[in-house]
Amino acid sequence: MKKILSALVIIIAAMGLSSCSYNSMTRMDENVKSKWSQVENNYQRRSDLIPNLVASVKGAANFEKSTLTDVINARANATKVTVDPTKLTPETIQKFQAAQGELSSALGRLMVVTENYPDLKSNQNFLGLQAQLEGTENRITVARQDFNTAVQDYNSKIRAFPANITAKMFGFSEKGYFQADPGSEKAPTVNFDDTTKKK
């Protein structure tokens, strides 16, 4: 009789947990981790392209060494920041995003400076790497959007009643989002006035 009663209690408890969203929260948590791995894979791809890009740029005569050094240092700093997928808190995402943002900024400066070197603009190796880097940046954007969507679904689930009770009981905590990069809310100004015209 005790065995039957124990079995019934276990079955009722299992049904209660599933109705309180434990299983769906677990699935959503795993989805967030999966989306995070795609974000990391795309950032790793970008990081792997940088040494070849820097090597192709180094060949340009009198190229600004400080720009290359900035890219190399930003890459080193960005690869130092790792995030445990089980701890995707807003603070850890912000730290990761800041390190990657420094690298994006350094790469942006590198691309602007390369415009001053006609030899680079005709170098097929450089052009191929530049195209791969642009494609990777697009993949990063898509992966970040997918990650944010998964985080939104997860965070909404663990905050809604009665799932929030189960979330607190089993340690499901809020995940962090990628935010827009600082300054991205301001559109760049474009000036078509010819300042060389004589009045």
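Residues numbered from 1 in each chain as written. Predicted model: local features only at pLDDT ≥ 70, side-chain atom pairs only at ≥ 80, totals over all residues. Heavy atoms only, no water.

**Digging into the packing of aromatic side chains**
In total, this model carries eight aromatic pairs according to the counting rule given. Both rings, one in Y43 and one in F96, keep their centres 5.3 Å apart while their planes meet at 80 degrees; by these two values the pair is edge-to-face. With Y43 in helix 2 (residues 22–58) and F96 in helix 4 (residues 90–114), this pair connects stretches of sequence that are 53 residues apart. What makes Y43 buried here is its relative accessible area of 6%. Ring-pair connections join several aromatic residues into one group, and the members of that group are W36, Y43, F96, F147 and F178. (Phe/Tyr/Trp six-rings, centres within 6.5 Å; stacked < 30°, edge-to-face > 60°. Helix = DSSP H or I, 4+ residues; strand = E, 2+ residues; numbered from the N terminus. Buried < 20%, exposed > 50% of the residue type's maximum accessible area, 1.4 Å probe, protein only.)

**Quick notes on helix 3 (residues 65–80)**
Here helix 3 spans 23 Å end to end across 16 residues, near enough to the 22 Å set by a 1.5 Å rise per residue. For helix 3, the secondary structure elements touched by its buried residues are helix 2 and helix 4. (Expected span 1.5 Å × (residues − 1). Contact = heavy atoms within 4.5 Å.)

**A word on the nonpolar core**
In terms of nonpolar packing, the biggest core is built from 22 residues, with V32, W36, V39, L88, F96, F147 and F178 touching the most fellow members. Breaking this core down by element, the ones donating at least two residues are helix 2, helix 4, helix 6 (124–159) and helix 7 (163–170). Here this core takes seven residues from helix 6, the largest share from any one element. When sequence neighbours within four positions are dropped, the list of residues in contact with V32 reads L88, F147, A150, V151, Y154 and K175. Of all hydrophobic cores here, the second largest spans 20 residues; its members include L49, M111, L129 and L133. (Core = buried A, V, L, I, M, F, W, Y, C linked by side-chain atoms within 4.5 Å.)

**Digging into the pattern of salt bridges**
One side chain can pair with another of opposite charge once the charged atoms of both are near each other. One pass over the full model with this rule turns up five salt bridges. Here E30 and K33 are joined by a salt bridge, their closest N and O atoms 3.4 Å apart. Here E30 pairs with K33, and both are found in helix 2, just three residues apart, close to one helical turn. Judged by relative accessible area, which is 45%, E30 ranks as partly exposed. One salt bridge in this structure joins E137 and R46, with 3.0 Å as the shortest N-O distance. In this pair, E137 sits in helix 6 while R46 sits in helix 2, placing the two residues 91 residues apart along the sequence. Judged by its relative accessible area of 26%, E137 is partly exposed. Taken together, the shared-partner salt bridges in this structure form one network comprising D29, E30, K33 and K175. (Salt bridge = Lys/Arg side-chain N within 4 Å of Asp/Glu carboxyl O.)

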